[in-house]
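Understanding the architecture of this molecule
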Amino acid sequence: MKKTVLLVEDEAILSDAFSTILKKEGYHVELAFNGEEALNRITSVQPDIILLDLLMPVMDGKEFLKKFQNTSNTPIIVFSNLDAKDDIKEVLELGATRFMLKAWATPQELIKVIDASIEA
Amino acid sequence: MIQLKKLKNVGLRGDTQLVQRASIIIAIVVFALGTLASAVYSNSYRMEQESELSKRESQQIIALNGFIQSRVASYRQALRGAAGMINVYGRENLTQTQWNQYVETLRAGNRFTELLGIGMSDVVSRQQLSSYQVTEGIQVYPTGDRQLYSVIRYLFPQNEANQKALGFDMYSESTRRQAMDAALETNLATLSAPLISVQDSTVDQNTAQKSVLMYFPFYQNGEISPPLAERKQKLVGYTYLVFRPHDVMEQQDTVGEDNNIEYKIEDLADRKNPIGLYTSKNFNPNAGKIVTQDLGVNGRTWRLSLHTQQSGQPLGYIVLFFAGLIASAGIAVLIYMLLINRSKRVQEEYETEIQKTKDDLLALASHQLRTPATGVRQYLSMLEGGYFGPLTEDQASIAKKAFIANERQLEIIDQLLYVAKADAGQIHLIIDSVDLLKTLQDVVDVYRHQASAKGIEVVVRGPKKAVIDGDERFITMILENLISNAIKYSNPHTKIMATIAFKGMTAQVSVKDNGVGIDESNLADLFQKFQRIQNPLSRQEGGSGLGLFLAQKLALSHGGSISVKSAVGVGSTFTLSIPTRIKNKDNVVQLTD
């Protein structure tokens, strides 16, 4: 069965690029453009993994993490261009599974990480 | 969208030189105004003091004049009284005793004690002289044949000097004669010009105080005021008195030393040669301001000259002026400093504002750039990875080149972000223990792929316990820069030697390549921002020019530095020197000088 990825990203360029990769790799992709939209759609989407950007309008990634009650223990990969150690530490404490730097990620790395996280 | 923040209105900013000039001018104006005010005020103070002085001096003059006039008036009264007494008794009946009694009465209550003598003379004609001498029993002197004689008959007190004076013909002396004639003519008590009295004839004539005589005529049959034509005829004699004005003024005690007043009195009969009558002890003829008043004393003119004993008062206004001057200078300096300070502060605020805007702009731009650059990376990767079908050899080659170019973009953006953060003081060193050898090996591992692509071997050497104080992230960045540069600028199939050594309290990491080398003329600018040297590989290899700049700044913030030795065509050795121990563990990376 296809795994579902909820991609929470406000920038169209990146949202498009990553969802293309994921679809090519056989994932079903649902998009949300900010944290609030993600919260609203999460129960209906029921993703196997969440890719979460941090810098978003309306509700940013950290706010989402605070508000999201991850009852099904869905793995959350924080996927951002912010790379300050404090930010990384904070998101991990707020419930993210791991952190990935967007800028330097390659499609292959991304898929590897997603697979590994879903397995875990 | 990048929004530029509007700069706040910072008011007095602008050319610092202009501001400084303006401040100086303002300060000078303030000082000038202050000086002017001081001058005006101290001058008005001086004038006030002077008018006070003048007022006082006028009062002193009035007091002295009053004293003199009243004393002289009392002398007139005394002589009138004496004449009156003679008229009552009749001259023929008058005796020495009666004369003495009269004078004693006068002198009751210690008055008239300053008089040298108070007496009476008989006016005798030539014809009457011999019988007069016999009748009165006195010898008239000086001897000689004269028309009229005014002979001193009675004189009180009857001391030795006064006794000697008996018989003296006062008409024989011109000053006395003049006074007596004037008295006769006016029928008023008249003062003589100053002379040395008979009583003072034995004293040193140069130092003796002048005396003055007062004469009052009396007539036959007790007539008080015969008509002018008959006066000479009816003249019987004169009552007279002698005094030294000096002695009289000594008795005056309202005005004098106590209130710092010094004065002198001169008889002004001969205006060209005034005769001194009295000079107070500390009278200074060269005093700054001497006030004079000519007093009419019984028909004579006595000049009163008066001055205040200088006691440093005039300096009061000078002190005031200088105090004002100093205060003005102080205020002017203060104002100048305040103005300069404010303009400096404003300038600083402005510059900080500019810098902050620049930093914000840089950070914003860099972040914004990252997004599309990341996008490109993903798409190129997809192409290369065959997600959209296999590529021909040429297509794959172009895709690879695009990918590498995009990586450069991402590198540059990273560096820009670092520059922005460091400029904003946002990069703090986190000091911990760093294993140099391990860090170096990790860096070399990261770049191994790039090195082997050019057939370059990177050899790492160093002691096992190469542990120092430092920020691991930044030391890694420095080493990454050095290693990647070495690989970039090495010729293919050469070796790179990366060595760690310890020299005292300094750790050294040397990266030696056998590459294109750097010309001596370029060495100086190597570590400047955006500096890229033209060499055969620079176009191919690309680079932002920020790497060495950043690396050097990071090294400096550790208290260390990066040095270089190079020769064109031979190769370069970059050495990072870093202290093994860092004292101040809270360093901010400074990118500005």
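Use the structure listed above.
Residues numbered from 1 in each chain as written. Chains lettered and ligands numbered in written order. Predicted model: local features only at pLDDT ≥ 70, side-chain atom pairs only at ≥ 80, totals over all residues. Heavy atoms only, no water.

A separate point is the overall build of chain B. Along chain B, the regular secondary structure elements total 14 helices and 16 strands. Counting only residues that meet the buried cut, chain B has 44% of its 593 residues in that class. Put simply, of all contacts in chain B between residues at least 6 apart along the chain, 70% involve residues at least 24 apart. Of the roughly 31700 Å² that chain B leaves accessible, carbon and sulfur atoms contribute 54%. (Helix = DSSP H or I, 4+ residues; strand = E, 2+ residues; numbered from the N terminus. Buried < 20%, exposed > 50% of the residue type's maximum accessible area, 1.4 Å probe, protein only. Contact = heavy atoms within 4.5 Å. Areas by Shrake-Rupley, 256 points an atom, 1.4 Å probe, with all protein chains shown as cover.)

Glancing now at the sheet that holds strand β16 (residues 571-579) of chain B. Strand pairing in a sheet is mediated by backbone hydrogen bonds. Such pairs are either parallel or antiparallel. Residue and element names in this part refer to chain B. With mixed pairing, the five strands of this open sheet are ordered in space as β11-β13-β14-β16-β15. Since the sheet does not close on itself, it has two edges, and those belong to β11 (457-461) and β15 (561-567), each with one partner. Within the sheet, the average angular offset between the axes of one strand and its neighbour, ignoring direction, is 15°. Bridge count between strand β14 (residues 506-513) and β16: seven bridges; the pairing is antiparallel. (Pairing = 2+ DSSP bridges. Axes fitted to C-alpha atoms, helices over the stretch in contact; angles between N-to-C directions.)

We now examine the sheet that holds strand β6 (residues 261-267) of chain B. Residues and elements named next belong to chain B. If you walk across this open sheet you meet the four strands as β7-β6-β9-β8, and the pairing is antiparallel. Among the strands making up the open sheet, the edge pair consists of β7 (275-279) and β8 (291-297). Adjacent strand axes in the sheet meet at a mean angle of 25° when their direction is disregarded. As judged from the seven bridges shared by β6 and strand β9 (residues 300-308), these two strands associate in the antiparallel manner. Counterpart to Ile261 in the pairing with β9 is Thr308.

What follows covers empty space enclosed by the protein. Residues and elements named next belong to chain B. For the structure shown, the criterion picks out two cavities of 30 Å³ or more. Put simply, the largest cavity is a space of about 70 Å³. Along the wall of the largest cavity there are 13 residues; nearest its centre are Arg176, Val198, Gln199, Leu213 and Val242. Counting residues per element, the ones that place at least two in the lining of the largest cavity are β2 (148-156) and β5 (235-243). Grouping the constituent residues of the lining of the largest cavity by class yields ten nonpolar, two polar and one charged. Of the voids in this model, the second largest cavity is the one considered here, and its volume is about 50 Å³. Lining the second largest cavity we find Ile68, Arg71, Val72, Phe243, Pro245, Val248, Met249 and Trp302. Among the elements of the structure, α1 (16-89) and α7 (245-250) are those that each provide at least two residues to the lining of the second largest cavity. Across the lining of the second largest cavity, the residue classes break down as seven nonpolar, no polar and one charged. (1 Å grid on protein atoms, 1.4 Å probe; cavity = no way out; pocket = protein on both sides within 12 Å on 5 of 7 lines; lining within 4 Å. Points joined across faces, edges and corners; volume = space filled by probe spheres on them. Nonpolar A, V, L, I, M, F, W, Y, C, P; charged D, E, K, R; others polar.)

Examined against the element boundaries, Leu410 of chain B turns out to sit in helix α9 (residues 393-423). Leu410 of chain B sits 33 residues away from Arg377 of chain B along the chain, and the two C-alpha atoms are 9.1 Å apart. The residues contacting Leu410 of chain B, other than those within four sequence positions of it, are Ala103 and Trp104 of chain A together with Arg370, Ala373, Thr374 and Arg377 of chain B.

Attention now goes to helix α2 (residues 35-45) of chain A. Residue and element names in this part refer to chain A. Along α2, the positions that sit buried rather than exposed are Gly35, Ala38, Ile42 and Val45. Along the axis of α2, the buried positions cluster into a sector of 85°, meaning they face one direction only. Exposed and facing more than 90 degrees away from the buried side of α2 are Asn40, Thr43 and Ser44. Each element contacted by the buried residues of α2 is listed here: β1 (4-8), β2 (28-32), β3 (49-52) and α3 (61-67). Its side-chain oxygen placed 3.0 Å from the backbone nitrogen of Glu36, Asn34 serves as the N-cap of α2. After α2 finishes, the residue Gln46 shows a positive phi value of roughly 55°. (Arc of directions from axis to C-beta. Polar contact = N/O pair within 3.5 Å; in protein donor to acceptor, adjacent residues only side chain to side chain.)

To continue, consider the pattern of salt bridges. All names here are of chain B. Applying the stated criterion across every chain, the model contains 32 salt bridges over all chains. For Glu384, the salt bridge goes to Lys400, with nearest N and O atoms at 3.7 Å. Here Glu384 is found in helix α8 (residues 315-384), whereas its partner Lys400 is found in helix α9, with 16 residues between them in sequence. On the basis of relative accessibility, which here comes to 32%, the residue Glu384 falls in the partly exposed class. Between Arg448 and Asp445 there is a salt bridge, with its nearest N and O atoms 3.2 Å apart. Of this pair, Arg448 and Asp445 both sit in helix α10 (residues 436-453), three residues apart, roughly one helical turn. (Salt bridge = Lys/Arg side-chain N within 4 Å of Asp/Glu carboxyl O.)

Turning next to the packing of aromatic side chains. Residue and element names in this part refer to chain B. On inspection of all chains with the given rule, the structure shows ten aromatic pairs over all chains. Residues Trp99 and Tyr102 carry aromatic rings whose centres are separated by 6.1 Å and whose planes lie at 50° to one another, so their mutual orientation is tilted. You can see Trp99 and its partner Tyr102 sitting in helix α2 (residues 96-106), three residues apart, about one turn around the helix. Its relative accessible area of 0% is what places Trp99 among the buried residues. Summarising the aromatic geometry, the rings of Tyr263 and Tyr278 are spaced 5.2 Å apart at their centres and angled 45° between planes, so their arrangement reads as tilted. With Tyr263 in strand β6 and Tyr278 in strand β7, this pair connects stretches of sequence that are 15 residues apart. (Phe/Tyr/Trp six-rings, centres within 6.5 Å; stacked < 30°, edge-to-face > 60°.)

Turning to the packing of helix α11 (residues 472-488) of chain B against helix α14 (residues 547-557) of chain B, a few remarks are in order. Residues and elements named next belong to chain B. With their axes 9 Å apart at the nearest point, α11 and α14 run at an angle of 145° to one another. In this structure, α11 crosses over α14, and the sense of that crossing is left-handed. When α11 is examined against α14, the residues Phe474, Met477, Ile478, Asn481, Leu482 and Asn485 are found in contact with a partner set consisting of Gly547, Leu548, Leu550, Ala551, Leu554 and Ala555. Of the residues belonging to the contact of α11 with α14, the class tally is nine nonpolar, three polar and no charged. (Left-handed = near helix turned anticlockwise from the far one by under 90°.)

What follows covers unusual backbone geometry. All names here are of chain B. Put simply, Tyr141 and Pro142 share a cis peptide bond, and its omega is -5°. A cis amide bond, omega 0°, links Phe156 with the succeeding residue Pro157. Secondary-structure assignment places Pro157 in the loop between β2 and α4 (160-165). At Phe112, a residue that is not glycine, the phi angle is positive and equals roughly 60°.

So far we have only geometry, and geometry alone does not tell us how the molecule works.
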